[in-house]
Structure formats: C-alpha cells, structure tokens
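# Survey of secondary and tertiary structure
Each chain is listed here by its residues.
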Protein chains: 2
Amino acid sequence: MTTPRTPTILDVAREAGVSRQTVTRALNDMADIAPATRERVVAAAQLLGYRPNRAAQSLVKGSGTTIGLLVESLRNPYYAELASELSRAAAARGWGLILCDVGYGTDRDARLSPLLRRVDALVGCLPAGATADVGVPFVSIDNPDETVGDATVWIDHEAGVRAALAHLVATGRRSIAMIDSGPEPSTRCLAYRAFLAEAGLPWSEQSEVRVEESHDGGIAAAAQLLGRGIALDAVLAFNDVLAIGAMKEMARAGKRVPEDVAVVGMDGLDVGALVTPELTTAATDRGVIAAAALDLVDALLTGDRPRASRERDTGGPHGAAAPGAEAGGRPRRTVEPYLVARGSA
Amino acid sequence: MTTPRTPTILDVAREAGVSRQTVTRALNDMADIAPATRERVVAAAQLLGYRPNRAAQSLVKGSGTTIGLLVESLRNPYYAELASELSRAAAARGWGLILCDVGYGTDRDARLSPLLRRVDALVGCLPAGATADVGVPFVSIDNPDETVGDATVWIDHEAGVRAALAHLVATGRRSIAMIDSGPEPSTRCLAYRAFLAEAGLPWSEQSEVRVEESHDGGIAAAAQLLGRGIALDAVLAFNDVLAIGAMKEMARAGKRVPEDVAVVGMDGLDVGALVTPELTTAATDRGVIAAAALDLVDALLTGDRPRASRERDTGGPHGAAAPGAEAGGRPRRTVEPYLVARGSA
DNA sequence: TTGAAAGCGATACCAG
DNA sequence: CTGGTATCGCTTTCAA
C-alpha cells in the first residue's frame, strides 16, 4: 500500500528511481535524456497508470483558450451547422469549444453552470430572460435582443427578406404571405411589410401567420394559410425549418410547389437540398458567422482585459482581426444573406 | 505602471488593502466577511479587470471531468443528434463536453491535438486508420472496427436489419434491394443477405449497390438500382441519409414511394419525419447511446486508473453504472434498434 | 545527462 | 471576521 490515490509525477519518479524532472523529460519526449532512463520512466508510468494532471499542466504552461457554445438544441439543423463551423474555426486557432445544448427546458442554469467554470468566453444565443451577467465575455449571434452580450454577430435579415421577395416578384408572384415566428412581428416580418408596401403589393392581417419555430409550426402555418381562402401564390417563411414544414403540409393538401404556391425560406440549411422540391432560400454563410464570432471573442479577450499573458495558443497568427466595432458601443460584425434559388420558388 | 500583466488575486488584495484569502471570500460569496470589506474587494477586482485563473482553480479544487466528442461532421444529422444527447448527458453529470468536428479532410491530427490536451477521455468515432493510441481512454460508438477503443457502445444492426426486412416482407414485398456503404459489405449488408436467404427471397449481386455515405450517394444508388431493370419493390438503406437520397431520386424518376417501391432507412433521424412520405426506419435511441457511452467513460475513468481522487463533480450520483463488460475483454454496451413504421414502407 | 529549487495562482485549514 | 501557511502537480530555469 504505497499509492492509494491518483499517482503523481513524484510517484513515477520514485518508482523509476529518478527525479521528477527526469520524468517530465521522458514523458514529454524532450532531449538530453538517456534512452535507457527514458524507457525505465515510461515503464514506471505505465505500471502506475500515471496520467499527468491537466490542471497542473495548464497552470504552468498557460491554459490556452476554451470557449463555450450555447445552443437551444443541436437537433435544430441551424445550430448543428453553426456548431460545426465554430468547432472547425476554433480548432484552427487551437482553441477548445465546449458544447452546451441548453435545450428548451427550464433547467438552463443547471446546464450553464458546469460550463461557466470551464470557459474563457461564451458564444451563442442566451436565453431570452437571462440577460444575467454570466461573468465571462459573451458574444451573441443573431440575437433578436440587441442589448444582449458584450459583442454581437449581426445578421442583416432585412436584406435577406428583400432578396427573397424581390426574387418572388421577379418570377411573377403577387400574393405573398409570410410565416413568422415569435409572439411579436420579427424584424424579418417588418421588412416583409415594408417591402410589400413599397412594391405596391397587397397585404392584410390575413397575409401573416405567427407560429412556433419548428417543423410542426410550419405545418400548422401552411394549414392556416390554406384554410383562409385568401389569394396566395407565394410564401416567405421566417426560416428554412418552417418553410420545409409548410411545403410538407402543402403537398399533403394537394398544392403543388412551386406551380401553385412558391415557397422561400431563410438560412440556407443543408436540409433544404434534401427535400423535394429543393428549397429556395435567403442563405447566410455560417462559416463567415463562425469566423466573425471568434474574431469578436478574440477582441474581447485580448482587448477588454489585459489577459493571456503567457498563453501559448497553437493555432498560429490570425491578425489583429479588425474588430469592426462601433465607435462607442459594443463591437459588432454584420453578415449579409444571399439568395439561393432552387426548385421551390 | 504597477500591473502590466494579467492581474492575479494578489493584485486585487493589494488594491483592496486586504489579504488574498479575503479576496477569495469576497469573490466566492463565502460567509464570514464584512459587507464593507466585500464591497471594497469587489470594486478592486472590477477596477483591475480581475478574472480568476481557471487552471489554478482547477488545480486546487479538482478539475472535474471533461470529455471530448469526435464526429466526422455535425452537418451529418446523425452526429448532430448524437452530440445533442451527449451534451445533455454530460451536463447532467456536471461534465464538460468538448466538441471536435474532425471533418472528412486529412488534417485530422491538427484537429485532434488541441483536443487531447484538454480532455480526460474521448468518445466517438476514430478515423479508420488512426488506430493510434490517443493517450486517453477512448470509448468508440458504433465503430465498424471492433478493435478500436478501450470500450465500445455496440449497436446491434443485425437486429435492426431483421426488423426492417421483416416489416417489408409482412407488407408483401419480395424484391428487396440494399443500398450499402463502404468498400466492403457492411454488417448490415451481411445481415440482409442472411435474412433473404433464410426467408427464401431472391437475391443477386444486382440487388446491392455500394455508394458513398451521403445524400448524394443515396441519389446515385437509387439511380443505379432503377437503371438495372431488375424487379424491385423495396429498398433497405444503410442509413436514413442514404434512404432520403434514394427517395428523392425515385420521386425524380417518377417512382411512387411506397406504392411502387417501399423504402426503409436505419437510424431514426428527425429528418426522416420532414420528408414526404415520412421515412420508415430501424431507429436507435441516441439518448440511450449517449448514456451508455458516458457510463463506459465513467467506468474507464474510475476503474481503469485510480483517478479522480479529489474531483468534486456537481452532478450527483449516477450509480456504479453496471459496466456491462465482457469478462475478459473490453467493456461493451449494446443498443437495440427498433422499427418505426411511417409512410415510406 | 541528471537533479535541486523556484514558482504558476488559487483554495483550505487553522490561528488569532 | 481576517490573515498566515501549506498544498495542488507540474514545468522551468539553473547547477552540478
């Protein structure tokens, strides 16, 4: 009974009959060590099941940057694609990315707390109510509430809506409905109204449906719109998931897409290409979003606080990353949607 | 010029005119501290932009468990759903989950190395070639190569295939093709052959297609099958993504699903419910997979090495987690697929 | 080629 | 209520 607890480098040293520095040399493939010694040390480490303590290593070497990603759910393909890009972008910088699928439940705090103790900054969407100061720099992505976060990746949905509607008009549609999400008219919805007004296209309260942001919501929305008996030759949806739900319901109801009704979504998700017909959409490049988000994190981390004195990130240089900040306010980067025309409109 | 580097607790102590222990008390909301003192310390910390060093905290408190998740790509909905469940399961135990989207590229090692320095164990699918000893306990999930990893979550695809084929036969199908993936016949494919043989159903080399594991692969597969001019009233696909691709191509080719050809996938992805008709599939519960994987990690971490002596995980007890190990070999947990019958078959 | 000593930054246990 | 002191486990000089 010599080592009832987790073996440390000292245990290995003792076992191998060397000093702890020699153990470090052996285990980290450093130079200036006799092969025989190295072998002996490696064997001892193996025997004891030694594994270096990460915290101790980090303490002395600099821990490198680790950020947390907050998403509602990775089952939502929008977040999955975003997470994919962020993971790659983070890896490219040598950063770690801790995933937190906060879910739609009420136990957000429980999900969050284990995260906060582990990250240098947070990226993503913070729960509506939780304007709470999380304690670490927070970069919000496409948050409807502009006041949230220390920096923001802003998506110009107005531009996206205009591109989508311009496409519909150009292809001869005039009675364009909108499937919106959330209790209040969204930015996208307001842009939709503005566009119709400018273009002299018909609008009434009947032109809009407001549903939950999900596939089922899309189904419900289409059912409502079709049931209203209004003129309808095109639908703009708040996002692709809703659009796909709407298409599904239209198919069920015997409406042909795009012959009878054109459908346009927003996001540009992969899944839009899996359905038949393929979805026309105002896409945003999530690679760009991810890069922008990490640039903002970087700015927050290096600028805000004089941090990272001894950190040795492995990812090589990434430039000063023009913060794209606004003079007095919170740093912000803008991303522009672009139209991807496919079969549905 | 007093503090050109990152401020430490000592700087705060000096600034506030107290000892460092008092700073700790103030900043961690501990008892036994005068409100006035606390305020002064908090103000000092604020002023200096102090943020505690995580590594140092971890060193003394015990770092808690952090595991890494390896996936080919989160844009593959299978991995996205798996990651979602693993994230939740990890959070429930108070563990951190670092995401690594290794991608299909060749720079896997570059993607991996930043990860390995941060995790206690790895979960997921390791690149085919990289049987490399990653240096940390590794739990492989549904890996076709059984020799990979220190423990395995095993999915009984044979049972899934039988369930799927039994359903097809029960609904009157007799000419059943298979869309397989990978260079060699998969386990699923072998089970398919065996089932056909047992059931006395026709089979020929023409009954099988082997394609890349992607939506486009599914499209190509269906095109090939339809082009062969063989009898065909049902198709079993290696997974849902392939199945959806196949359905898409069939629709394009004017084949009705399921009237002309029934289609069955495997996995039970959400996306299977978005397409029309909805996909019938041999589903696996990814919540179960995630739980099994974390149980195995736990077993590896606590059993294999006498680790985690002082770790204070926040997630409460999770039982000894019956390892479900095999006597002499690597621990293994098995998950059974079950049939979800929907519109496509 | 190897060993001794000095931190890294924070918490915890005891005194006062 | 507040302050000393001893770790925590490892890497990094600097000598030998």
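Residues numbered from 1 in each chain as written. Chains lettered and ligands numbered in written order. Predicted model: local features only at pLDDT ≥ 70, side-chain atom pairs only at ≥ 80, totals over all residues. Heavy atoms only, no water.

### Looking at the overall build of chain A
Of the regular secondary structure elements, chain A holds eleven helices and twelve strands. For chain A, buried positions account for 54% of its 345 residues. Roughly 14,900 Å² of accessible area belongs to chain A as shown, and the carbon and sulfur atoms make up 52% of that amount. (Helix = DSSP H or I, 4+ residues; strand = E, 2+ residues; numbered from the N terminus. Buried < 20%, exposed > 50% of the residue type's maximum accessible area, 1.4 Å probe, protein only. Areas by Shrake-Rupley, 256 points an atom, 1.4 Å probe, with all protein chains shown as cover.)

### So, the nonpolar core
Grouped together as the largest cluster of nonpolar side chains are 118 residues, with contacts concentrated most on A:Leu86 and B:Leu86. Non-local contacts of A:Leu86, meaning those with residues more than four positions away in its chain, are made with A:Leu69, A:Leu97, A:Val123, A:Ile141, A:Ala290, A:Ala293 and A:Leu294. Of all hydrophobic cores here, the second largest spans 26 residues; its members include A:Cys100, A:Leu112, B:Val102 and B:Leu122. (Core = buried A, V, L, I, M, F, W, Y, C linked by side-chain atoms within 4.5 Å. Contact = heavy atoms within 4.5 Å.)

### Structural notes on the relation of the copies chain A and chain B
With an RMSD of 0.1 Å, the operation that places chain A on chain B is a rotation of 180 degrees combined with a shift of 0.1 Å along the axis. Here the two chains are linked by the operation of a two-fold rotation axis. The position closest to the rotation axis in chain A is occupied by the C-alpha of A:Ile98, lying 2.2 Å away. Both copies present the same face, since 100% of the interface residues in chain A are matched by interface residues at the equivalent positions in chain B. (Least-squares fit on C-alpha atoms with pLDDT ≥ 70 in both.)

### Considerations on the packing of aromatic side chains
Residue and element names in this part refer to chain A. Taken as a whole and assessed by the stated rule, the structure comprises two aromatic pairs over all chains. Both rings, one in Tyr78 and one in Tyr79, keep their centres 5.4 Å apart while their planes meet at 75 degrees; by these two values the pair is edge-to-face. Of the two residues examined, Tyr78 and Tyr79, each falls in the buried class. Across the ring face of Trp154, the terminal group of Arg332 is positioned such that the distance to the ring centre comes to 4.5 Å. (Phe/Tyr/Trp six-rings, centres within 6.5 Å; stacked < 30°, edge-to-face > 60°. Lys NZ or Arg CZ within 6 Å of the ring centre and 35° of its normal.)

### What to know about the interface of chain A and chain B
Accessible area lost upon the coming together of the parts is a frequently used measure of interface size. The interface is formed by 61 residues belonging to chain A together with 62 residues belonging to chain B. Here chain A and chain B share an interface that buries about 5,400 Å² over both sides, 48% of which is from carbon and sulfur atoms. Together, A:Arg51, A:Arg54 and A:Arg118 form the three largest contributors to the area buried by chain A at its contact with chain B, with a combined 15%. For B:Asp120, the salt bridge goes to A:Arg54, with nearest N and O atoms at 2.7 Å. The tally of links between chain A and chain B comes to 30 residue pairs in polar contact (both at pLDDT 80 or more). Secondary-structure elements contributing two or more residues to the side of chain A that touches chain B are helix H4 (54–61), helix H5 (77–93), strand S2 (96–101), helix H6 (108–116) and helix H10 (240–252) of chain A. Here the side of chain A that touches chain B takes eight residues from H5(A), the largest share from any one element. Residue composition of the side of chain A that touches chain B, grouped by class: 25 nonpolar, 19 polar and 17 charged. (Buried area = accessible area lost by both parts, 1.4 Å probe. Salt bridge = Lys/Arg side-chain N within 4 Å of Asp/Glu carboxyl O. Polar contact = N/O pair within 3.5 Å; in protein donor to acceptor, adjacent residues only side chain to side chain. Nonpolar A, V, L, I, M, F, W, Y, C, P; charged D, E, K, R; others polar.)

### Remarks on the UniProt feature "domain: HTH lacI-type" (unreviewed entry) in chain A
Under the UniProt annotation, the feature "domain: HTH lacI-type" (unreviewed entry) is placed at residues 7–61 of chain A. In residues 7–61 of chain A, the share of helix is 69% and the share of strand is 0%. The end C-alpha atoms are 21 Å apart. (UniProt positions renumbered as here; feature names shortened; annotations may be inferred.)

### Topic: the protein's contact with DNA strand D
Taken together, 28 residues are adjacent to DNA strand D, and A:Ile9, A:Arg20, A:Tyr50, B:Thr22 and B:Arg25 come closest. Across the atoms of DNA strand D situated within 4 Å of the protein, the share located in sugar and phosphate is 56%. In this structure, A:Ile9 approaches DNA strand D through a main-chain N or O atom, which is 2.5 Å from a phosphate oxygen. For DNA strand D, a phosphate oxygen lies 2.5 Å from a polar atom in the side chain of A:Tyr50. Going through the elements one at a time, helix H2 (20–27) and H4 of chain A together with helix H2 (20–27) and helix H4 (54–61) of chain B are the ones with two or more residues in the surface near DNA strand D. When residues of the surface near DNA strand D are assigned to their parent elements, the largest contribution, five residues, is made by H4(A). Considered class by class, the residues forming the surface near DNA strand D number eleven nonpolar, ten polar and seven charged. (Near = heavy atom within 4 Å.)

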